[in-house]
Amino acid sequence: MTDTSENGTERTDQRQPLHAAGVIRAAKEQLTELLSQPAEAVSACERHENGGWRLSVEVLELPRVPDTMSLLASYEVEVDDHGALIGYRRTRRYERGRVDRR
């Protein structure tokens, strides 16, 4: 990645790409900040052949009592090699206590 420094010269991004654990941590933090809802878990993580990552992140959208009735959502999240969030979308919403029949 290249960008322009303050003096107008181009520079190459020297940061090392993150491994899966760093990508997961970064994606959860950014999604939590954007949605103002806690990201609870990552249920899938895969690296794209051309760089970047796709994750499935489980987010607590509506806490209820008892906890098994809380509403969660799965979000598909795209991040770059350095953990910066590129995009996200909600793919499903479900109650915590429900078994997935897929």
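Calculation criteria
Residues numbered from 1 in each chain as written. Predicted model: local features only at pLDDT ≥ 70, side-chain atom pairs only at ≥ 80, totals over all residues. Heavy atoms only, no water. Helix = DSSP H or I, 4+ residues; strand = E, 2+ residues; numbered from the N terminus. Expected span 1.5 Å × (residues − 1). Buried < 20%, exposed > 50% of the residue type's maximum accessible area, 1.4 Å probe, protein only. Arc of directions from axis to C-beta. Contact = heavy atoms within 4.5 Å. Pairing = 2+ DSSP bridges. Axes fitted to C-alpha atoms, helices over the stretch in contact; angles between N-to-C directions. Core = buried A, V, L, I, M, F, W, Y, C linked by side-chain atoms within 4.5 Å.

J.: An account of helix 1 (residues 20-35) is requested, with residue identities and associated values reported.
T.: Note: α-helices contain 3.6 residues per turn, so residues at a spacing of three or four share the same orientation. The terminal C-alpha atoms of helix 1, which comprises 16 residues, lie 22 Å apart, in line with the 22 Å expected from a rise of 1.5 Å per residue. Within helix 1 the residues assigned to the buried category are Gly22, Val23, Ala26, Ala27 and Leu31. The arc that holds every buried residue of helix 1, seen down its axis, measures 150°, which confines them to one face. Residues of helix 1 that are exposed and point more than 90 degrees away from the buried face comprise Arg25, Glu29 and Glu33. Against the buried residues of helix 1 lie strand 4 (53-62), strand 5 (71-79) and strand 6 (85-95). Directly after helix 1, the chain includes Ser36, whose backbone phi takes a positive value near 55°.

J.: So, the sheet that holds strand 6: which residues are in play, and what are the values?
T.: Across the sheet, four strands lie side by side as 3-4-5-6; this open sheet has antiparallel pairing. Every other strand in the sheet has two partners, leaving strand 3 (39-47) and strand 6 as the edge strands with one partner each. Taken pair by pair, the neighbouring strands of this sheet meet at an average axis angle of 20°, ignoring direction. Where strand 4 lies against strand 5, nine bridges are found, and the strand directions are antiparallel. Along strand 5, the bridge assignment pairs Val57 with Tyr75. Packing against the sheet, helix 1 makes contact with strand 3, strand 4, strand 5 and strand 6, and its axis sits at approximately 40° to strand 4.

J.: Hey, could you go over the environment of Leu62 for me, with residue numbers and the actual values?
T.: Mapped onto the elements, Leu62 comes out in strand 4. Leu62 sits 10 residues away from Leu72 along the chain, and the two C-alpha atoms are 6.9 Å apart. Setting aside its immediate chain neighbours within four residues, Leu62 contacts Ser70 and Leu71.

J.: Can you tell me about the nonpolar core, naming the residues and giving the values?
T.: Membership of the largest hydrophobic core is limited to 12 residues, which are Val23, Ala27, Leu31, Ala39, Trp53, Leu55, Val57, Val59, Ala73, Tyr75, Val77 and Val79. Contributing elements (two or more residues each) for this core: helix 1, strand 4 and strand 5. Filtering out sequence-adjacent residues up to four positions away, Ala27 remains in contact with Leu55, Val77 and Val79.

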